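Overview (structure and organization)
Single-letter residue listing:
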Amino acid sequence: AKGDTVSYEVREGVIDRTCAGICDNEPEGESSMTPETITISVLDFVVFGSEPGDKYQPRVTIRLGVRTKEAGAGETPVTMQTTVSSRFPLDS
């Protein structure tokens, strides 16, 4: 919203967030977003409606796959998916 560029990347099972600028009063740079108890196996972002004039509501589908590192918890990964969209302000 403030024009800052934020990127997310999975490295060695951890999500790293990189901010170019001042994002939510955090210093510029990289930070880890993943608890030490899980490993990220999948992180996908699919963008729809980003082309000018394509007449689609802008939205992003996010898919996340996680696996626990805790002993005895099993090896079954959990995959989650959600879609988020912006809302256009109403004309006054």
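As shown above, the structure is provided for reference.
In this report, the structure presented in the accompanying data block is examined. (Residues numbered from 1 in each chain as written. Predicted model: local features only at pLDDT ≥ 70, side-chain atom pairs only at ≥ 80, totals over all residues. Heavy atoms only, no water.)

1. A closer look at the overall build of the protein
The helix and strand inventory of the protein stands at zero helices and six strands. Beginning at the N terminus, the succession of helices and strands in the protein can be written as β-β-β-β-β-β. Put simply, the protein has 92 residues, and 14% of those count as buried. Residue pairs at least 24 apart in sequence account for 30% of intrachain contacts in the protein once pairs closer than 6 positions are excluded. Accessible surface, the protein: about 7300 Å² in total, of which carbon and sulfur atoms supply 52%. (Helix = DSSP H or I, 4+ residues; strand = E, 2+ residues; numbered from the N terminus. Buried < 20%, exposed > 50% of the residue type's maximum accessible area, 1.4 Å probe, protein only. Contact = heavy atoms within 4.5 Å. Areas by Shrake-Rupley, 256 points an atom, 1.4 Å probe, with all protein chains shown as cover.)

2. Observations concerning the environment of Q81
The topology assignment puts Q81 in strand 6 (residues 78–85). In this structure, the C-alpha to C-alpha distance between Q81 and T61, residues 20 residues apart in sequence, is 7.1 Å. Beyond its immediate sequence surroundings of up to four residues, Q81 is in contact with T61, I62 and R63.

3. Things to note about the sheet that holds strand 6
Spatial ordering of the open sheet is given by 4-5-6, a layout of three strands whose pairing is antiparallel. Pairing within the sheet leaves two strands with one partner each, and these edge strands are strand 4 (38–48) and strand 6. When strand polarity is set aside, the average angle formed by the axes of neighbouring strands in this sheet is 15°. Where strand 4 lies against strand 5 (residues 59–68), ten bridges are found, and the strand directions are antiparallel. Along strand 5, the bridge assignment pairs F45 with I62. (Pairing = 2+ DSSP bridges. Axes fitted to C-alpha atoms, helices over the stretch in contact; angles between N-to-C directions.)

4. A short note on the environment of P77
Considering the arrangement of structural elements, one finds P77 in the loop between strand 5 and strand 6. The spacing of P77 and S41 is 36 residues in sequence and 8.2 Å in space, taken between C-alpha atoms. Those residues within four positions of P77 in sequence are excluded, and the remaining contacts are V66 and R67.

Taken by themselves, the reported measurements are silent on function.
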